[in-house]
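This is what each chain is made of:
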Amino acid sequence: MIEFSNVSYVYGKHTPFERAAVNNVSFKIEDGLVTGIIGHTGSGKSTVAQLMNALLTPTSGKVLLDGADINASREISYKTRFKVGIVFQYPEYQLFEETVEKDIAYGPTNMGLDETEIKRRVEMAADFVGISKEILKSSPFELSGGQKRRAAIAGVIAMEPKILVLDEPAAGLDPRGRSEILGRLTKYRQGSDKSIVIISHSMEDVAEYSDRILAMNDGGILCSGTPSEVFSHYDELCRSGLALPQITNIMNLVMKKCKERGIPFDNSAASFFTVDDAYKYLAQRLELKSEEGGNTVC
Amino acid sequence: MEYIIKSEALSFSYDEDGNGKKTVENLDFQIERGSFTAIIGHNGSGKSTIAKLMCGVLEPSSGEIYIDSKSAGRILRVSCDEDIFDVRKTVGMVFQNPDNQLVATVVEEDVAFAPENLGVPSAEIRKKVDSALKAVGLYEYRTHDTHKLSGGQKQRVAIAGILAMSPECVIFDESTAMLDPRGRDDVMKIIKEMRDSLGITVILITHYMNEAALADRIMVVNDGKIILDGSPRNVFEKNEVLSECGLEVPQSTELVRKLYDSGAEITKTVLDTEEAAQAIVDALEKKYKK
């Protein structure tokens, strides 16, 4: 578990450009869950990510990994980076090796693991992100955009971090690529105490894949909780430049209009955020016979 | 219709000898002057290649793209070396990554970069830069450092840089992919404003279906070919075809369509959250009053 305790981070301290990117923030990232972090540009999301594995040291406050301060010494900070793996935005720009296999092996090699273990991890990571054996032998620069993205993510997964932090893992991918990569990634925690942190601008993706959401605003925390709890803070989210997932938006509008026209509508349905939930509720209200249409009509 | 861009038997291959797999194959299409067209397709479908061909960043392997340029006063050909400068003056492009397209450290200097290079007199540059910055709502930021802006603001500077060249057509290649919801919203508002007030032809390449829904026309590209072409309503009605090529309709469209397919008395195709909510409330009301 990662715990932020009164953490602040100031960029350009003692210069005219001094700015607190993160301001006295406290929260916990629980084991075994997917936590989504949302917030407008400049709200401090990426700074929080870099604080999670000691790439940045807090100006004040403490970041604890399983109860221990990750900035206690340089050695501890160094080791933390193998336990908390960060996949930065557009990680494919960081591919550099001759083959995909070597690129994925870079992290485990630096951890000082033996060859058999490195090989096992490379295969596991490649398999996990859906990269075939043939691709492992090719140059990362011959791959398509989606494959490059997966290869780069595999490089972090091969370190088997306890906490996997992903900054916009699906940005720039087409709809099918998005759901495929997010679906695979969120499986990383299954059957283990590993956890995942996803930073994203897509409310739909965050709503669908997260167990918990942390909404940030101007370096502080706007609200946190389960997706339905967070997305019930409609006005605050909009004011801070965020949005509701499309379905939540529709259900909110439907609720308002139903009230105006005196049609009964359950308030709880207003915070639905997936097409399926909204569909099931509405199908029942409209007394539709078959729910056959329940197969995703993309 | 009066076209601004017309392609004829357009093909392109990234292989030098042109015998390899064609990224774009035998395309014929026209873009109407003053219209707003969205191009959608999965990663690798060829949509960005088409965009780069239209503004002369890439040269066709065979076939031709004609640009009817008012500023040049004639019809340009993108594969013709003498025409290429006029092509790029007529058709501007805004790319995906806001960090890759700013060249100066001060906002107004960045916006002035293109007109300076085009040899525009300096009094004229001042005017063009000011009006471009006003159009994107960043006039107050004209003396700010470019690298201290947010992603959405940087993207707006990049747009202002294009507007300062007074283009007749602007292509946006996934220009909102890296922005937060407000940044995306700002850029989409500017895009609509460019078409409505400045009469600029807009072509938007996007993975966000709710952005494509705002266009007059959607072209769906798959394996280098145009497989669907029509109004957003017509295109989103064919959800199976979209799904086959790795795309999807907006969630609002999907929800209402599912209800329709299960026999609800509801509109078949809606385009945005407003329309979806209206359709759902109407259906609920009908049921309630029965």
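Just so you know, these numbers come straight off a predicted model, no measurement behind them.

Can you walk me through the overall build of chain B in this structure?
When helices and strands are tallied, chain B shows 11 helices and 10 strands. Relative to the globule expectation of 19 Å for 290 residues, the C-alpha radius of gyration of chain B, 21 Å, shows essentially globular dimensions. Dimensions along the principal axes, computed over C-alpha positions, put chain B at roughly 70 × 50 × 35 Å. Of all 290 residues assigned to chain B, the portion counted as buried reaches 58%.

Whenever I open this one, the pairing of strand β5 (residues 74–77) of chain B confuses me. Can you help?
Taken together, the 4 bridges between strand β4 (residues 62–69) of chain B and β5(B) define a ladder with antiparallel strand orientation. Bridge pairing links B:Asp68 to B:Ile75 in β5(B).

Explain the packing of aromatic side chains to me, please; I cannot follow it from the model alone.
Aromatic ring pairs: the centre-centre distance and the angle between the two ring planes describe each pair. Across all of its chains, the model carries 9 aromatic pairs over all chains by this definition. With a centroid separation of 4.5 Å and 20° between ring planes, the pair formed by A:Phe4 and A:Phe27 is classed as stacked. One end of the pair, A:Phe4, is in strand β1 (residues 2–11); the other, A:Phe27, is in strand β2 (residues 19–29), with 23 residues separating them in the sequence. Residue class for A:Phe4 comes out buried when judged on its relative accessible area of 1%. Residue class for A:Phe27 comes out buried when judged on its relative accessible area of 8%. With a centroid separation of 6.0 Å and 70° between ring planes, the pair formed by A:Phe272 and A:Tyr281 is classed as edge-to-face. Ring-pair connections join several aromatic residues into one group, and the members of that group are A:Phe265, A:Phe272 and A:Tyr281. Over the face of the ring belonging to A:Tyr90 we find A:Arg149, whose NZ or CZ atom lies 5.3 Å from the ring centre. A cation sits over an aromatic face here: B:Arg142 above B:Tyr139, 4.1 Å from the ring centre.

I would appreciate a short explanation of the pattern of salt bridges in the present structure.
Any two side chains of opposite charge can pair, given that their charged atoms come close. Residue and element names in this part refer to chain B. Summed over the entire model, instances satisfying the criterion amount to 44 salt bridges over all chains. Across the pair Arg33 and Asp68 runs a salt bridge, and its minimum N-O distance is 3.9 Å. Taken together, the residues Arg33 in the loop between β2 (24–32) and β3 (36–40) and Asp68 in strand β4 connect sequence positions 35 residues apart. Here Arg33 matches Asp68 in class, with each residue buried. Among the ionic pairs, Asp86 bridges to Lys89, the shortest N-O distance being 3.8 Å.

Just checking my understanding: could you explain the domain arrangement of chain A for this structure?
In many analyses, interface size is given as the accessible surface area lost on bringing the parts together. Looking at the assigned domains, one finds that chain A contains domain 1 (31–57 + 75–232) and domain 2 (247–288). Computed from C-alpha coordinates alone, the two centres of domain 1 of chain A and domain 2 of chain A are separated by 34 Å.

I tried to follow the domain arrangement of chain B on my own but got confused; where do I start?
Residue and element names in this part refer to chain B. The domain architecture assigned to chain B consists of domain 1 (1–94 + 169–176 + 200–233), domain 2 (98–166) and domain 3 (251–289). The gap between the C-alpha centroids of domain 1 and domain 2 is 25 Å. Taken together, the contact pairs 9 residues of domain 1 with 9 residues of domain 2. Around 670 Å² of area is buried between domain 1 and domain 2 when both sides are counted, 74% of it from carbon and sulfur atoms. Its largest share of buried area at the contact with domain 2, domain 1 owes to Lys89, Val94 and Ser175, together 58% of the area lost on that side. Where domain 1 meets domain 2, there are 0 salt bridges. Within the residue set of the side of domain 1 that touches domain 2, elements represented by two or more residues are α2 (84–90), β6 (91–94) and β7 (169–173). Residue classes in the side of domain 1 that touches domain 2 are distributed as 5 nonpolar, 2 polar and 2 charged.

Got a minute to help me understand the sheet that holds β2(B) in this structure?
Consider a sheet: its strands pair through backbone hydrogen bonds, and that pairing is either parallel or antiparallel. Residue and element names in this part refer to chain B. Strand order across the open sheet formed by 4 strands is β2-β1-β4-β5, with antiparallel pairing between neighbours. If you trace the sheet from one side to the other, it starts and ends with β2 and β5, each paired once. Between one strand axis and the next, the sheet turns through 15° on average, direction left out of account. Helix α1 (residues 47–54) contacts β1 (3–12), β2 and β4 of the sheet and is inclined by roughly 60° relative to β2.

Just to check I follow, could you spell out the sheet that holds β7(B) for this structure?
All names here are of chain B. Here we have 6 strands laid out as an open sheet, ordered β6-β7-β8-β3-β9-β10, and mixed in their pairing. One side of each edge strand has no neighbouring strand; the edge strands of this open sheet are β6 and β10 (225–230). The average angle at which neighbouring strand axes cross in this sheet is 20°, direction not considered. Most of the contacts of α1 go to strand β8 (residues 201–205), to which it runs at about 150°, and overall it touches β3, β6, β7, β8 and β9 (217–222).

What is the right way to read the pairing of strand β3 (residues 34–39) of chain A from this model?
It is a general feature of regular strands that their side chains alternate between the two faces of the sheet. Counting buried residues in β3(A) gives 6 out of 6 residues, a clear majority hidden from the surface. Along β3(A), one buried face is formed by A:Val34, A:Gly36 and A:Ile38 and the opposite face, lined by A:Thr35, A:Ile37 and A:Gly39, is buried too.

Rules and cut-offs
Residues numbered from 1 in each chain as written. Chains lettered and ligands numbered in written order. Predicted model: local features only at pLDDT ≥ 70, side-chain atom pairs only at ≥ 80, totals over all residues. Heavy atoms only, no water. Helix = DSSP H or I, 4+ residues; strand = E, 2+ residues; numbered from the N terminus. Rg over C-alpha atoms; globule rule 2.2 N^0.38 Å. Buried < 20%, exposed > 50% of the residue type's maximum accessible area, 1.4 Å probe, protein only. Pairing = 2+ DSSP bridges. Phe/Tyr/Trp six-rings, centres within 6.5 Å; stacked < 30°, edge-to-face > 60°. Lys NZ or Arg CZ within 6 Å of the ring centre and 35° of its normal. Salt bridge = Lys/Arg side-chain N within 4 Å of Asp/Glu carboxyl O. Domains from an automatic or database assignment. Contact = heavy atoms within 4.5 Å. Buried area = accessible area lost by both parts, 1.4 Å probe. Nonpolar A, V, L, I, M, F, W, Y, C, P; charged D, E, K, R; others polar. Axes fitted to C-alpha atoms, helices over the stretch in contact; angles between N-to-C directions.

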